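Coordinate inspection notes
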Amino acid sequence: MQTNFTPAQLENPMIAESEQILRKCVHCGFCTATCPTFVTLGDELDSPRGRIYLIKDMLENDKPATDRVVKHLDRCLSCLSCTTTCPSGVDYMHLIDNARAHIEQTYDRPLGDKLLRKMLSVVVPSPTLFRLSMLGAKLAAPFAKLMPGRLKGMVKMGARSLPTPSWVDKPQIIPAIGERKGRVAILTGCAQQVLETEINESTVRLLTRLGIEVVVAKGAGCCGSLVHHMGKEEKSHHQAKGNIDAWTAELAGDGLDAVVITASGCGTTVKDYGHMFARDPKYAQKAKTISALARDITEYLTQIDVDPKAFAKADHGNLRVAYHSACSMQHGQKIVREPRDLLKMAGFEVAEIAEGHLCCGSAGVYNLLQPEIAGQLQDRKRANIRHTVPDLVATGNIGCMIQIETDDLKVVHTVQLLDWATGGPRPSKLKGVEPQRGRG
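Residues numbered from 1 in each chain as written. Predicted model: local features only at pLDDT ≥ 70, side-chain atom pairs only at ≥ 80, totals over all residues. Heavy atoms only, no water.

Time to look at the pairing of strand β8 (residues 392-395). Of the two faces of β8, the one holding Leu 392 and Ala 394 and the one holding Val 393 and Thr 395 are both buried throughout. Across four bridges, strand β6 (residues 320-324) lies against β8 in parallel orientation. Opposite Tyr 323, over in β8, you have Ala 394 as the bridge partner. Since β8 and strand β9 (residues 411-413) lie parallel, the crossover through helix α22 (residues 398-404) that links them has a hand, and here it is right-handed. (Buried < 20%, exposed > 50% of the residue type's maximum accessible area, 1.4 Å probe, protein only. Helix = DSSP H or I, 4+ residues; strand = E, 2+ residues; numbered from the N terminus. Pairing = 2+ DSSP bridges. Right-handed = clockwise from strand over helix to strand, strands pointing away.)

Right, dumping it as structure tokens:
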């Protein structure tokens, strides 16, 4: 794509980076076939190619964001399916991030939208505030049908049964069982701490059982992903620096073999810390080091070469698992084989889901900000999962778990199944779940 930025514009690092990304686009349109919003809405401006044109015009002409631009860029899920499809290697992730930062700086959102985004950016990254908000939403849950779309989604989430806070979430060192074979830090997350405490507990049990010492580092917290994708760069960088400092301190102490992450959305962001701080003289090298250490839990388990005999301690009846590969896992981190291989090694039957490249509609808080589109994608994903006739669903991202689950679809994290197969407890959601017979 030909660009016409001035030399003065290109002195701005964000503009210079965006210009290099734009120049790689060859207008081929391959991305439109795998973009969830284009497939759903059929509007060229709701495809990556269409959004690239809007971004180019906005940045090249140094314009404030307009209602039209914001509408179509807000509809982007940042699922990155387009980057997997693109034959030219267009770095759409960083382009849309730059555009959103420009929107945040130049566009005055309507009051309701502004307040909702402000609330989400403050509440969700804080486990304490998020838990309180869920308790408040529980009181309002009976009236959810009477509320506007955006509030309805938040209130319905409050109808969930919340577990009590977990012992895992406190800063501590959890020793390996037997001989210590490695040492890792884990990111306990923010929303995950409130909604699904079994994930972190399963992770700790599994790792320590395999001889890995686990550190919950003091000062580590939200990865910064949620506000980063809202264009709130200052806040996202502040949250990221907290993690970088916490894990760097552990590196300087007894060291770390990896930073293990169980929410793939967080993993994509942590692996991008090196890029986020590339121009920060104080944090550039530290961020690059942390990014290089970041591993999804399934990625890490594959790298430590777990003995297959370890996965023979649960009689799970060869349950049929529909594996949902979160967008941040398959497109953001390019982790495709590892979760499936581990589930098969653990004795589960793994079923592939049709249109597996399409987003479920969760995408951080997208399902709260764009409930209609998210709802259509949710229905499509659930229908494709049901066609596999599974006993349960496994995925590696808390947002997808909440988005997909329903009365007839039991959704657990992959690590919960791996923990179960190596001697841990049966996931609480799977009590009473037995293999279906006569699938045909």
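Now that the structure has been shown, the text picks up again.
All right, on to the sheet that holds β9 then. Reading across the sheet, the four strands line up as β7-β6-β8-β9 and stay open at both edges, with parallel pairing between neighbours. With partners counted over all chains shown, the strands left at the sheet margins are β7 (349-351) and β9, one partner each. Within this sheet the neighbouring strands show an average axis-to-axis angle of 40°, counted without direction. The pairing of β6 with β7 spans three bridges and is classified as parallel. Bridge pairing in β7 links Val 321 to Val 350. The sheet contacts of helix α23 (residues 414-421) involve β6, β8 and β9, and relative to β9 the element is tilted by about 75°. (Axes fitted to C-alpha atoms, helices over the stretch in contact; angles between N-to-C directions. Contact = heavy atoms within 4.5 Å.)

Glancing now at the sheet that holds strand β2 (residues 182-187). The five strands are arranged β1-β3-β2-β4-β5 in an open sheet whose pairing can be described as mixed. Here the strands that pair on one side only, and so sit at the sheet edges, are β1 (172-174) and β5 (294-296). On average, adjacent strands in this sheet sit at an angle of 30° to one another, irrespective of strand direction. Along the sheet, helix α16 (residues 284-293) contacts β4 (258-261) and β5; its crossing angle with β5, the most-contacted strand, is approximately 25°.

Take empty space enclosed by the protein next. Applying the stated criterion to the full structure yields two cavities of 30 Å³ or more. Here the largest cavity is characterised by a volume of approximately 140 Å³. What lines the largest cavity is a set of 17 residues, among which Cys 25, Cys 31, Ile 52, Cys 86 and Val 90 lie closest to the centre. Listing elements by their share of the lining of the largest cavity, those giving two or more residues are α3 (48-60) and α5 (81-85). Counting residues per element, the lining of the largest cavity draws most heavily on α3, at three residues. Broken down by class, the residue content of the lining of the largest cavity amounts to twelve nonpolar, four polar and one charged. Estimated volume of the second largest cavity: approximately 90 Å³. (1 Å grid on protein atoms, 1.4 Å probe; cavity = no way out; pocket = protein on both sides within 12 Å on 5 of 7 lines; lining within 4 Å. Points joined across faces, edges and corners; volume = space filled by probe spheres on them. Nonpolar A, V, L, I, M, F, W, Y, C, P; charged D, E, K, R; others polar.)

This structure, assessed with the given rule, holds 27 salt bridges. Lys 56 is paired through a salt bridge with Glu 60; the nearest N and O atoms lie 2.9 Å apart. Pair noted here: Lys 56 and Glu 60 are both in helix α3, with a separation of four residues, about one helical turn. Look at Lys 56 and you get buried, because its relative accessible area is 14%. Residue Glu 349 pairs with Arg 320 through a salt bridge whose shortest N-O separation is 2.4 Å. You can see Glu 349 sitting in strand β7 and its partner Arg 320 sitting in strand β6, a full 29 residues away along the chain. The partly exposed category is assigned to Glu 349, whose relative accessible area is 30%. (Salt bridge = Lys/Arg side-chain N within 4 Å of Asp/Glu carboxyl O.)

On to the environment of Pro 87, then. Its place among the elements puts Pro 87 in the loop between α5 and α6 (92-106). Accessibility expressed as a relative area gives 53% for Pro 87, which makes it exposed. For the pair Pro 87 and Leu 115, spaced 28 residues apart in the sequence, the C-alpha separation amounts to 39 Å. The residues contacting Pro 87, other than those within four sequence positions of it, are Cys 28 and Phe 30.

Counting residues in hydrophobic clusters, the biggest one holds 94 residues, and the most contacted among them are Trp 247, Tyr 273 and Leu 417. Sequence-distant contacts of Leu 417, defined by excluding residues within four places in its chain, comprise Val 321, Leu 343, Phe 348, Leu 392, Ala 394, Val 412, Pro 427 and Leu 430. Formed by 29 residues, the second largest nonpolar core is a distinct cluster that contains Ile 15, Ile 55, Ala 65 and Leu 73. (Core = buried A, V, L, I, M, F, W, Y, C linked by side-chain atoms within 4.5 Å.)

Take the environment of Arg 160 next. If you trace the backbone, Arg 160 turns up in the loop between α9 (149-157) and β1. Sequence separation of Arg 160 and Arg 49 is 111 residues, and the distance between their C-alpha atoms is 38 Å.

Before going further, it helps to spend a moment on the pairing of β6. The buried fraction of β6 amounts to five of the five residues, a majority that puts the element mostly inside the structure. A two-sided burial pattern is seen for β6, the buried positions comprising Arg 320, Ala 322 and His 324 on one face and Val 321 and Tyr 323 on the other.

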